[in-house]
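# Summary of the model geometry
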Amino acid sequence: MGNLNKEIRDGDHPDITEERLKSTFDTHKMAAQIYNSQRAADRRNEITSAVLKIPELQDIKPLPFLSREEKVEEAARKIGILSEHLYDLVNVNDGAELYHLNNVVIGGEGNPLALHGVMFIPVLQAQATDEQKKKWLYRAMKREIIGTYAQTEMGHGSNLRKLETTATYDKATEEFVLNSPTTTSMKWWPGNLGKSTNYAVVVATLIINEKDYGPHSFMVQLRDENTHKPLPNIEVGDIGPKMAYNATDNGFLKLNHLRIPRTNMLMKHVKVEKDGTYIKPPHAKMSYSAMVHVRAHMNNTMAYFLASSLTIAVRYSSIRRQGHINPKEPEVKVLEYQTQQHRLFPHIARAYAFSFAGAETVRLYEKVKKDMESGETELMADLHALTSGLKSVVTYLTMQGIEQARQSCGGHGYSMASYISEIYGIAIGGCTYEGENMVMLLQLARYLMKAAKAVKEGKKVEGLVGYLSAPDNRHSLIDRTPEKSYDTYLKTFEHIARQQIFRAFDKLEKMLTSGLPHSEAWNKCSVELTRASRLHTRLFIAQAFARRVHDVVDFHIKEALDDLLHLHLNYELLDVASYALEDGHLCGEQMNFIRSELYRSLGKIRPNAVSYVDAWELSDMELRSVLGRRDGHVYENLYKWAQNSSLNRTDVLPVFEKYLKPLMMSARKNSKL
Ligand SMILES: CCCCCCCCCCCCCC(=O)SCCNC(=O)CCNC(=O)[C@H](O)C(C)(C)COP(=O)(O)OP(=O)(O)OC[C@H]1O[C@@H](n2cnc3c(N)ncnc32)[C@H](O)[C@@H]1OP(=O)(O)O
Ligand SMILES: Cc1cc2nc3c(=O)[nH]c(=O)nc-3n(C[C@H](O)[C@H](O)[C@H](O)COP(=O)(O)OP(=O)(O)OC[C@H]3O[C@@H](n4cnc5c(N)ncnc54)[C@H](O)[C@@H]3O)c2cc1C
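Residues numbered from 1 in each chain as written. Chains lettered and ligands numbered in written order. Predicted model: local features only at pLDDT ≥ 70, side-chain atom pairs only at ≥ 80, totals over all residues.

What follows covers helix 9 (residues 338-373). Here helix 9 spans 52 Å end to end across 36 residues, near enough to the 52 Å set by a 1.5 Å rise per residue. Just beyond helix 9, the residue with positive phi is G375, at close to 80 degrees. (Helix = DSSP H or I, 4+ residues; strand = E, 2+ residues; numbered from the N terminus. Expected span 1.5 Å × (residues − 1).)

Here we take up the UniProt feature "domain: Acyl-CoA oxidase C-alpha1" (unreviewed entry) in the chain. Sequence positions flagged by UniProt for "domain: Acyl-CoA oxidase C-alpha1" (unreviewed entry) are, in local numbering, residues 288-449. Across residues 288-449 one finds 76% helix and 0% strand; the C-alpha atoms that close the span lie 22 Å apart. (UniProt positions renumbered as here; feature names shortened; annotations may be inferred.)

For ligand 1, the set of nearby residues contains 27 residues, the closest of which are Y288, H297, H384, Y433 and G435. If you tally residues by element for the shell around ligand 1, the top one is helix 8 (residues 289-319), at six residues. Classifying every residue of the shell around ligand 1 gives 12 nonpolar, 11 polar and four charged. When residues of the shell around ligand 1 are sorted by domain, at least three fall in each of domain 2 (148-281) and domain 3 (290-457 + 489-613). (Near = placed C-beta within 6 Å. Nonpolar A, V, L, I, M, F, W, Y, C, P; charged D, E, K, R; others polar. Domains from an automatic or database assignment.)

One non-glycine residue with positive phi stands out, namely N209, at about 50 degrees. Assignment of secondary structure puts N209 in the loop between strand 5 (199-208) and strand 6 (211-221).

Here the UniProt-annotated "domain: Acyl-coenzyme A oxidase N-terminal" (unreviewed entry) positions come out as residues 26-146. Between the C-alpha atoms that bound residues 26-146 the distance is 42 Å, and the span itself is 68% helix and 0% strand.

Around ligand 2, the structure places 21 residues, and the nearest of them are Q151, T152, G157, S158 and M438. A total of three residues in the shell around ligand 2 trace back to one element, the largest contributor, which is helix 13 (residues 437-456). For the shell around ligand 2, the residue count by class is 10 nonpolar, 10 polar and one charged. Split by domain, the shell around ligand 2 shows at least three residues from each of two domains, domain 2 (148-281) and domain 3 (290-457 + 489-613).

Another aspect to go through is the sheet that holds strand 7 (residues 234-238). Strand order in the open sheet formed by three strands is 4-8-7, and the pairing between neighbours is antiparallel. If you trace the sheet from one side to the other, it starts and ends with strand 4 (187-188) and strand 7, each paired once. (Pairing = 2+ DSSP bridges.)

On to the confidence of the model for the chain. In the predicted model, the chain carries a mean pLDDT of 97, and the fraction of residues at 70 or more is 100%. Here the predicted complex carries an ipTM of 0.98, next to a pTM of 0.98. (pLDDT = per-residue confidence, 0-100.)

For the chain, the assigned domains read domain 1 (35-112), domain 2 (148-281) and domain 3 (290-457 + 489-613). Between domain 1 and domain 3, the C-alpha centre-to-centre distance is 29 Å.

Spelled out as structure tokens, the structure:
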């Protein structure tokens, strides 16, 4: 039998090889779990190998040494070369393959086609009529035109009903007049709007005969297709540097009474007739499909960001030796410290959990998307609730995990050589984009409150909220049953979520019966409501993890995943245990049991730690991290990396003659006086 860990190579740092030799499972088989099939895992590696053979697709130098302009140019250069090789490298109809190709070749900082693929094409697929698809979608898919999704304005992002950009129907000419009446009405933030795109789906408030019909989507040509100059009545540009994600030209857009044909409104589900008659869509929020599309896929993106940071941190922790546990023995790998394990391993478990929860979410999304094509909208509310909660919880926990990964690398974690700060910067954008986290938690809370009301009225609820009407134990059975059972943990999570949902519901009801208007009562309960949403979502994540482990057939993979699940359940439960202690569902003795199970789990995970992150099969090219190198040779490469610094081009910088020398000279002169 060959090595179970597939990353072992001659010449690697002996400390990392030692880790890999301990693996109890085949890392490539584990990759099949993470990427949902052996074929998908194989394809990722095939794509990486093919890319490595194309010299023009390699980074010209480490990305942190590029200026913003260079980053934008470099991403565009690679997109151009990729287009030539695209059909040889990937199945262009497979989103996962395209995403992987992007991560390997370009990385997470963005590229001119990012929003084109993530939102522009999906919005056309979901909301354009067949005729409109012929006009724009097929051209977009061939990349004859590049588009984006322009919804957020300087003054409004969360509250879509107050978007100030207007699309006023002019019956006489059968046109819409698009206008940005104020500074705050300017579109502000859309990715690639600034400089790259020549088309955009613009979301504007539809006005017909002075009546406001709310946000609707319109196709707008922004720039001349040949010269790329902005068209008349359009002002467009870049919004400037951001925390990260700076290869992307997030932009602004000001429309000055721009006229577009009536047929430029996306009309698959909703219509404005020539005479101005408005025909409602089957569901009022069908036009929000592009946002739901991204939210549904974000769990996997976040899992990937978290796994990338952890791969860097865990590999580095296995070659970094500092301090002693036994003073008579050599310095230990920092991965031996329990604090380091506690800092990293629960986040490894979360990355797996997010990936499994993400796979379930994408399946539901695909079903709803299919249903919507035929006007069936029954599951839209469930999907909206699920994706709203998940995007908020997963992005927030990912942010925590990446920052822990950075800190676990000590000083070198703070260097861009780790690349963790860039991953962090990109990932935390997810807490804001596609619905600010609090706003989305409150969306889920609306759904939960409806379910709670139904249960209070004696109705049975099903599906994602089914546990609200299921029987509950007064006391948790954790450590009270002879056999090890995840059910007792999941039941405890259910209890905690249920209690908090009803606590928020009762508080809200009390305020409403006291005569407070609904919106005010809602605001006064909103912290409790967001807590309910988080607990409900964390329950779903734990359940999805347990479902996946249950379904795995391979014994060694199941055992390794089972260890991670055990860690996950104990760690997450400790994190939210105060809710169960409050009503005596858990007692002090059980808390001690959970804590000791957690520490036992850390020890169990330890020998496989490097293999759990290796199983994500993230190549050096896509990690872009000196600390996270597969071969573990960090120190000599840190030194090489620093040679890229433009400050090292000369021994003496001009600032010496200009500022430092005069400063020191005058100081010396003064001290002689
Ligand atoms: C693909 C790969 C991904 C990779 C990603 C990495 C790259 C990413 C690059 C970055 C890309 C970043 C790109 C970007 O950032 S694009 C811009 C993203 N912007 C947002 O996400 C804005 C957030 N705001 C909203 O979505 C709405 O305003 C919300 C939802 C808050 C309220 O809504 P509205 O203002 O209309 O208020 P209402 O009171 O009339 O309605 C409330 C009722 O409507 C129901 N409802 C609402 N929505 C839905 C829905 N969708 N399906 C089904 N139902 C829905 C809801 O349950 C409630 O029902 P009920 O309780 O009354 O029964
Ligand atoms: C990296 C990045 C990429 C983006 N890409 C795009 C894009 O391609 N296209 C696009 O259209 N947009 C894009 N956006 C914009 C993004 O979607 C919005 O910024 C986001 O939806 C949040 O809206 P906001 O900025 O109005 O936040 P605000 O709503 O102003 O949030 C400010 C604070 O107010 C709170 N708040 C707001 N409303 C409520 C409420 N009802 N209840 C309680 N609290 C509330 C929030 O929780 C937050 O704490 C992008 C943003 C970023 C950061």
